Amino acid sequence: MFDEPLDAVNAAQWNANTYGTAHAVLSHALGYTVIELDEVTVHEHIVEICHSTTPVCSDDFGIED
C-alpha cells in the first residue's frame, strides 16, 4: 500500500520493467496498490497502467545480425 500516487507509479513501472508484464496502480480509500494488469477486475479504480519500457534486443530472441 502506498500513500502517494507517484510512489505507486514508480513501483508499477519497476515491476513492469523487471517482470515484463503490465502493472496497474489502483486507488483505494486508504491509498494506492500495485498489481499485475491481468488481475484487475472491472470494479476497481485504475489510476495508471505501466508497461515495460526496457528495450528489446535481438539476443533476447536468438536472432543474429
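Below is a short write-up of the structure. Throughout, a residue's number is its position along its own chain's written sequence, starting from 1. For this predicted model, a pLDDT threshold of at least 70 governs which residues receive local features, and a threshold of 80 or more governs which side-chain atom pairs are given and counted, while totals over whole chains, interfaces and linings are taken from all residues. Remark: hydrogens and water are excluded; side-chain values derive from all non-hydrogen atoms of the structure.

## Points about the pairing of strand β2 (residues 31-36)
- Pairing between strand β1 (residues 23-28) and β2: six bridges, direction antiparallel. Bridge pairing links Ser27 to Tyr32 in β2.
- The hairpin formed by β1 and β2 contains two residues between the paired strands. When DSSP finds at least two bridges between two strands, those strands are taken to pair. Labels follow the DSSP assignment, with helices taken as runs of H or I lasting at least four residues and strands as runs of E lasting at least two, numbered in each case from the N terminus.

## Details of the packing of aromatic side chains
- Working definition: a ring pair exists when centres of Phe, Tyr or Trp rings (six-membered ring for Trp) sit within 6.5 Å. Plane angles under 30 degrees give stacked, over 60 give edge-to-face, the rest tilted. Inspection of every chain in the model, using the stated rule, returns one aromatic pair.
- Measuring from centroid to centroid gives 6.0 Å for Trp14 and Tyr19, while their planes differ by 90°, and the two rings are edge-to-face. In this pair, the class of Trp14 matches that of Tyr19, namely exposed. Using a 1.4 Å probe on the protein chains alone, a residue whose accessible area is under 20% of its type maximum counts as buried, one over 50% counts as exposed, and one in between counts as partly exposed.

## Description of the side chain of Thr33
- Turning to its location among the elements, Thr33 is positioned in strand β2.
- Look at Thr33 and you get buried, because its relative accessible area is 18%.
- Throughout this description, a polar contact denotes any pair of N or O atoms lying within 3.5 Å of each other; where both atoms belong to protein, one of them has to be capable of donating a hydrogen while the other can accept it, and for residues adjacent in sequence the pair is counted only when both atoms sit in side chains. A polar side-chain atom of Thr33 sits 2.9 Å from a polar atom in the side chain of His28.
- Here, two residues are considered to be in contact whenever any of their heavy atoms come within 4.5 Å of each other. Sequence-distant contacts of Thr33, that is, excluding residues within four places in its chain, are made with Met1, Ala24, Val25, Leu26 and His28.

## Section: the side chain of His23
- Residue position: His23 is located in strand β1.
- When its relative accessible area of 5% is taken as the criterion, His23 is described as buried.
- Within the local environment of His23, its side chain forms a polar contact with the backbone oxygen of Thr21, the two atoms lying 2.9 Å apart.
- Sequence-distant contacts of His23, defined by excluding residues within four places in its chain, comprise Ala12, Asn15, Ala16, Val34, Ile35, Glu36, Leu37, Glu48, Ile49 and Cys50.

## Considerations on the environment of Gly31
- Note on placement: Gly31 falls in strand β2.
- Separated by 29 residues in the primary sequence, Gly31 and Phe2 place their C-alpha atoms 5.6 Å from one another.
- Contact partners of Gly31, with chain neighbours within four places excluded, come to Met1, Phe2 and Leu26.

## Some words on helix α1 (residues 5-19)
- The span one expects for a helix is its residue count, reduced by one, times 1.5 Å. Taking 1.5 Å of rise per residue, the 15 residues of α1 would be expected to cover 21 Å, and the 21 Å separating its terminal C-alpha atoms lies within 8% of that figure.
- All of the buried residues along α1 are Ala8, Ala12, Asn15 and Ala16. Along the axis of α1, the buried positions cluster into a sector of 100°, meaning they face one direction only. Along α1, the residues that are exposed and aim more than 90 degrees away from the buried face are Leu6 and Trp14.
- Buried residues in α1 make contact with β1, β2 and β3 (45-50). Directions from the helix axis toward the C-beta atoms define the arc.

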